[in-house]
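Residue-level structure breakdown
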Amino acid sequence: MPTWGDRLLAAGGAPVTVPRDPARDAARDELLKADYHKNDPTVLERVVDWIWDHIDRALGSVSAGGTDGTTGLVLFLLVAVVIAAAVWWRLGAPKRAARTDYGVYGTDGPRSAAQYRADAAGHAAAGRWTEAVREQMRALVRALEERTLLDTRPGRTADEAAAEAGRALPEHAAALTAAARTFDDIAYGERTADQAAYRLLLDLDRTLERSRPVLASAAAAAPAPTPTPGGAA
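Right, let's walk through the structure included here. The residue numbers shown here count from 1 along each chain, following its written sequence. Residue-level local features of this predicted model are given only where pLDDT is at least 70; pairs of side-chain atoms are given and counted only at 80 or more, and the full residue set underlies all totals for whole chains, interfaces and linings. The side-chain values count all of the structure's non-hydrogen atoms but skip hydrogen atoms and water molecules.

1. Some words on the nonpolar core
How we decide: What we call a nonpolar core is a set of buried Ala, Val, Leu, Ile, Met, Phe, Trp, Tyr and Cys residues that are connected through their side-chain atoms within 4.5 Å. Between buried and exposed lies partly exposed: a residue is buried under 20% and exposed over 50% of the maximum accessible area for its type, with that area taken using a 1.4 Å probe on protein chains only. Strands are runs of DSSP state E lasting at least two residues, helices are runs of H or I lasting at least four, and both sets are numbered from the N terminus onward. Residue contacts are counted whenever heavy atoms from the two residues lie within 4.5 Å of one another.
Ranked by internal contacts, the top residues of the largest apolar core, which has 31 residues, are Met-137, Val-141 and Leu-144. Elements supplying a minimum of two residues to this core: helix 4 (113–125), helix 5 (129–146), helix 6 (158–168), helix 7 (173–187) and helix 8 (195–209). If one sorts the elements of this core by residue count, helix 5 sits on top with 7 residues. Not counting residues up to four positions away in its chain, the partners in contact with Met-137 are Val-104, Ala-158, Ala-179, Ala-180, Phe-183 and Leu-201.

Here it is in structure tokens:
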């Protein structure tokens, strides 16, 4: 005896026999069509709903007190960690606030290179490497100003000083740029100062004292290199 669903009526009223399995498959295929799922929640919405459901349960357990309260608190903390990790992954690490460049000398204005060097040495002896790096970089820049390799200009940053000094001392341009970067990273809190950073600036300062600048007139008068056959360098 045919069961319900095995016989359908055609448009004219005549019975049409449809096997059970094909009828079920046809119904499933019909329900899988996109038109029936336009208003379904997205995967993200389902995840958010799941998280809020667990938070709600955790808060309910916490308010209940006793053992359930402890379990709920642990669950709530775990969910909070998951949410924080998801936000971190989605948005990335929080950006450091924009820094304010006061120039290599800060807000106090320049002193003599000898004074900066003495202060740097004192900080280094006490293991205060951040202060030692800051004062040693100021000594380096101030010494270049005292030699008139740099003009005395308030508000000049370490990067600007390195770029300008590198034109007068091209042999040390790369070292000056590295020193300025080290100073910036330490002065603005992106890097921890250590003895190696201080020694880098101290050694460069001593090297620059013995270096002779390349005058602009001499560089302009230097003969152009003779091209090699075939245009090779």
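2. Things to note about unusual backbone geometry
Here Thr-148, not a glycine, exhibits a phi torsion of approximately 65°, which is positive. By secondary structure assignment, the location of Thr-148 is in the loop between helix 5 and helix 6. Classification of Thr-148 by relative accessible area gives exposed; the value is 68%.

3. Focus: helix 7
To keep it simple, the criterion reads: Multiplying one less than the number of residues by 1.5 Å gives the expected span of a helix.
Spanning 15 residues, helix 7 covers 21 Å between terminal C-alpha atoms, matching the ideal 21 Å at 1.5 Å per step. The set of residues buried in helix 7 consists of Leu-176, Ala-179, Ala-180, Thr-182, Phe-183, Asp-184 and Ile-186. With its phi angle positive at about 80°, Gly-189 sits one or two positions after the end of helix 7.

4. So, helix 5
With 18 residues, helix 5 extends 25 Å between its outermost C-alpha atoms, agreeing within 8% with the 26 Å of an ideal straight helix rising 1.5 Å per residue. Taken across its 18 residues, helix 5 has 13 buried, putting it largely inside the fold. Thr-148 sits one or two residues past helix 5 and shows a positive phi near 65°.

5. Comments concerning the packing of helix 7 against helix 8
To keep it simple, the criterion reads: To get an axis, fit a line to the C-alpha atoms, keeping to the stretch in contact for a helix; angles then go from 0 to 180 degrees between the N-to-C directions. Should the near helix be turned anticlockwise from the far one by less than a right angle, the crossing is left-handed, and should it be turned clockwise, the crossing is right-handed. Residues are sorted three ways: Asp, Glu, Lys and Arg are charged, Ala, Val, Leu, Ile, Met, Phe, Trp, Tyr, Cys and Pro are nonpolar, and all the rest, Gly among them, are polar.
Put simply, helix 7 and helix 8 touch, their axes get as near as 10 Å, and they point 145° apart. In this structure, helix 7 crosses over helix 8, and the sense of that crossing is left-handed. Listed contacts from helix 8 to Ala-175, Leu-176, Ala-179, Thr-182 and Ile-186 of helix 7 are Ala-197, Leu-200, Leu-201, Leu-204 and Leu-208. Of the residues contributing to the contact of helix 7 with helix 8, the split by class is 9 nonpolar, 1 polar and no charged.

6. Examining the packing of aromatic side chains
Threshold: Two aromatic rings, drawn from Phe, Tyr or Trp (for Trp, its six-membered ring), form a pair once their centres lie within 6.5 Å of each other, and the interplanar angle then sorts them: stacked below 30 degrees, edge-to-face above 60, tilted otherwise.
Across all of its chains, the model carries 2 aromatic pairs by this definition. For the ring pair Tyr-105 and Tyr-116, a centre distance of 5.8 Å and an interplane angle of 10° mean the geometry is stacked. Here Tyr-105 is found in the loop between helix 3 (66–91) and helix 4, whereas its partner Tyr-116 is found in helix 4, with 11 residues between them in sequence. Judged by its relative accessible area of 2%, Tyr-116 is buried. Measuring from ring centre to ring centre gives 5.9 Å for Trp-129 and Tyr-198, while their planes differ by 40°; the resulting arrangement is tilted. In this pair, Trp-129 sits in helix 5 while Tyr-198 sits in helix 8, placing the two residues 69 residues apart along the sequence.

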